[in-house]
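Coordinates in review
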Amino acid sequence: MVDLKSQYLKIKETVDSSIQEVINSTAFIKGPEVTKFQEELADYLNVNHVVACGNGTDALQIALMALGLEPGDEVITADFTFAATVEVIGLLRLKPVLVDVDRDTFSINLVELEKAITPKTKAIIPVHLFGQCANMEGVLDIAKRHNLFVIEDTAQAIGAEYKFKDGSVRKAGTVGDIGTTSFFPSKNLGCYGDGGALFTNDDDLAKRLRAIVNHGMYERYYHEEVGVNSRLDSIQAAVLRSKLPHLDTYNQARYNAAMHYNAAFQNVSGLEVPTLVDYSTHVFHQYTLKLNGVDRAGLQTHLKAKGIPSMIYYPLALHNQKAYLQEGVTDSQFPVTMELCSNVISLPMHTELKEDDLDYIIDAVKEFVEK
Ligand SMILES: *Cc1c(COP(=O)(O)O)cnc(C)c1O
């Protein structure tokens, strides 16, 4: 699905020497590389604070911890996403409230979101799924009217831009109270291990996030609250510093590949190409088709026989996951998610796809679908 090796080879010298420098310095934890990376990412995102941490799941957990919520408080998120979002809500003894998504965008449905709000609701976690922002202006409007925090899960959309109706533009993850991301190797900005980060423009929240990632210490060895140990290590920061200057180019390459797929699939009956919205750019973390009346398992087998990987993100709705079953929650509340779980398929998407690779994949897909 991804080709990290070819991408690495193009920047090998920079990456190798930056890793070697960390080893020479032996500043493996909390070294200057981490500080510099946080500053450079803050510049790139045009946000006041970036707090690096261990991974994208930790980032979500730490964001929730910083909001001072009480057990039983409700946090609303989408039913159609990776489990990390709902996992950390449960871990903190908060109540996850899942809502359906929009069929076009795969992101949280605003009507369902507003219906799910109760006096116990404290926060919303929109997920910018597959690389395109959720409708943040709509989310912010609801959050403001109900006095709710907004945490943006930007694990799949780093570098995407949100366009407000007044023409102003902000980077994904810097629109709500806190943004979180993951540097898992296959993400749009991936390191060579685990990594994550939080973004905020709020000075007080930033202070609290910095303390929580570091055992709840505001001053060394003075623990004011229960925190965690969640760090981006210096070697990962060095890799990310080498890659950040290329992020826009990487995202453009993904976009170009997606447009190539789109052009080929747009008039093929049985295939629905991803929808582009006017309020967000799309950085195509995944290229995901919806199938109408096409045998998905058969298509996967056909592609596999030709050496083409494909993936189902996601095959089972969160409300149907054993770990997150809730009384009174039924499939009928999530018609769109139920449909998507049975008809989406993601094709190879990365920065190194050549036109020949794409045409080979396109021909294989069409061969099956049009037969
Ligand atoms: C990858 C991902 C995460 C988790 O990131 P990790 O670094 O793997 O913990 C969270 N949310 C979404 C939407 C993701 O895609």
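Keep in mind the model is a prediction, meaning the values are calculated, not measured.

1. Some thoughts on the overall build of the chain
On a plain count of helices and strands, the chain comes out with 13 helices and 14 strands. Taking 371 residues into account, the globule formula puts the C-alpha radius of gyration at 21 Å, and the chain, at 21 Å, falls close to it. Based on the C-alpha atoms only, the size of the chain along its principal axes is roughly 70 × 55 × 45 Å. Per-residue burial over the chain gives 56% buried out of 371 residues. For the chain, the distance from the average position of its 34 positive side-chain charges to the average position of its 49 negative side-chain charges is 3 Å.

2. Let's talk about helix 5 (residues 84–91)
Structurally, the α-helix is built with 3.6 residues per turn, so residues lying three or four positions apart point the same way. Every buried residue belonging to helix 5 is among Ala84, Thr85, Val86, Val88 and Ile89, and all of these are buried. Along its buried surface, helix 5 packs onto helix 4 (56–65), strand 2 (74–78), strand 3 (95–99), strand 4 (121–125) and strand 5 (149–153). With its phi angle positive at about 60 degrees, Arg93 sits one or two positions after the end of helix 5.

3. Thoughts on the packing of helix 10 (residues 247–265) against helix 13 (residues 355–369)
Taken N-terminus to C-terminus, the directions of helix 10 and helix 13 make an angle of 35 degrees; their axes are 10 Å apart at the nearest point. At the point where helix 10 passes helix 13, the crossing takes the right-handed sense. Judged by residue contacts, Ala257, His260, Tyr261, Ala264 and Phe265 of helix 10 engage Glu355, Leu358, Asp359, Ile361, Ile362, Val365 and Lys366 from helix 13. Broken down by class, the residue content of the contact of helix 10 with helix 13 amounts to eight nonpolar, one polar and three charged.

4. Points about the packing of aromatic side chains
By the definition in use, this model includes 13 aromatic pairs. Where Tyr255 meets Phe284, the ring centres are 6.2 Å apart and the plane angle is 55 degrees; that geometry is what we call tilted. Taken together, the positions of Tyr255 in helix 10 and Phe284 in the loop between strand 12 (271–272) and strand 13 (287–291) put the pair 29 residues apart, joining distant regions of the chain. By relative accessible area, which is 28% here, Tyr255 ends up partly exposed. The exposure class assigned to Phe284 is buried, which follows from its relative accessible area of 0%. Of the aromatic side chains, those joined through ring pairs into one cluster are Phe80, Phe106, Phe130, Tyr313 and Tyr314. Above the ring of Tyr44, the side-chain terminus of Lys171 is found at 4.6 Å from the ring centroid. Its guanidinium or amino end placed over the ring of Phe368, Lys371 lies 3.6 Å from that ring's centre, counting from NZ or CZ.

5. Topic: the domain arrangement of the chain
One can read the domain layout of the chain as domain 1 (4–245) and domain 2 (246–369). Of note, the centres of domain 1 and domain 2, computed from C-alpha atoms alone, are 24 Å apart. On the domain 2 side, the residues contacting the 47 residues of domain 1 number 41 residues. Across the domain 1/domain 2 interface, buried area totals approximately 4000 Å², and carbon plus sulfur atoms make up 54% of it. When the buried surface of domain 1 facing domain 2 is broken down by residue, Arg103, Phe130 and Asn188 rank first, second and third, together holding 20% of it. Across the domain 1-domain 2 interface, the total number found is three salt bridges. Taken together, the connections running from domain 1 to domain 2 amount to 29 residue pairs in polar contact (both at pLDDT 80 or more). Counting residues per element, the ones that place at least two in the side of domain 1 that touches domain 2 are helix 1 (4–10), helix 5, strand 3, strand 6 (161–163) and helix 9 (234–243). With four residues, the single largest contributor to the side of domain 1 that touches domain 2 is strand 3.

Analysis parameters
Numbers given for residues are sequential positions, taken from 1 along each chain in its written order. Residue-level local features of this predicted model are given only where pLDDT is at least 70; pairs of side-chain atoms are given and counted only at 80 or more, and the full residue set underlies all totals for whole chains, interfaces and linings. The basis for every side-chain value is the complete set of heavy atoms in the structure, and neither hydrogens nor water enter the calculation. Numbering of helices and strands runs from the N terminus, with a helix taken as a DSSP run of H or I at least four residues long and a strand as a DSSP run of E at least two residues long. Radius of gyration here is computed from C-alpha atoms only, and the compact-globule reference equals 2.2 Å multiplied by the residue count raised to the power 0.38. To sort residues, take the accessible area from a 1.4 Å probe on protein chains only and compare it with the maximum for the residue type: under 20% means buried, over 50% means exposed, and anything in between is partly exposed. When charges are counted, neither His nor the chain ends are considered; positive counts come from Lys and Arg and negative counts from Asp and Glu. Every charge is mapped to an atom, namely NZ of Lys, CZ of Arg, CG of Asp or CD of Glu. Any two residues whose heavy atoms approach within 4.5 Å are treated as being in contact. All axes here are fitted lines through C-alpha atoms, helices being fitted over the stretch that makes contact, and every angle between N-to-C directions spans 0 to 180 degrees. Left-handed describes a crossing in which the near helix is turned anticlockwise from the far one by less than a right angle; the clockwise case is right-handed. Residues are sorted three ways: Asp, Glu, Lys and Arg are charged, Ala, Val, Leu, Ile, Met, Phe, Trp, Tyr, Cys and Pro are nonpolar, and all the rest, Gly among them, are polar. Planes of paired rings set the category: under 30 degrees apart is stacked, over 60 is edge-to-face and the rest tilted, where pairs are Phe, Tyr or Trp rings (Trp by its six-membered ring) whose centres lie within 6.5 Å. Placement of a positive charge over a ring is assigned whenever Lys NZ or Arg CZ falls within 6 Å of the ring centre and within 35 degrees of the normal to the ring plane. Domain extents, as shown, originate in an automatic or database domain assignment. The term buried area refers to how much accessible surface (probe radius 1.4 Å) is lost by two components on association, counted for both of them together. Any carboxyl oxygen of Asp or Glu within 4 Å of a side-chain nitrogen of Lys or Arg constitutes a salt bridge here. Two N or O atoms form a polar contact when they lie within 3.5 Å of each other; inside protein one atom must be a possible hydrogen donor and the other a possible acceptor, and for residues adjacent in sequence the pair counts only when both atoms belong to side chains.

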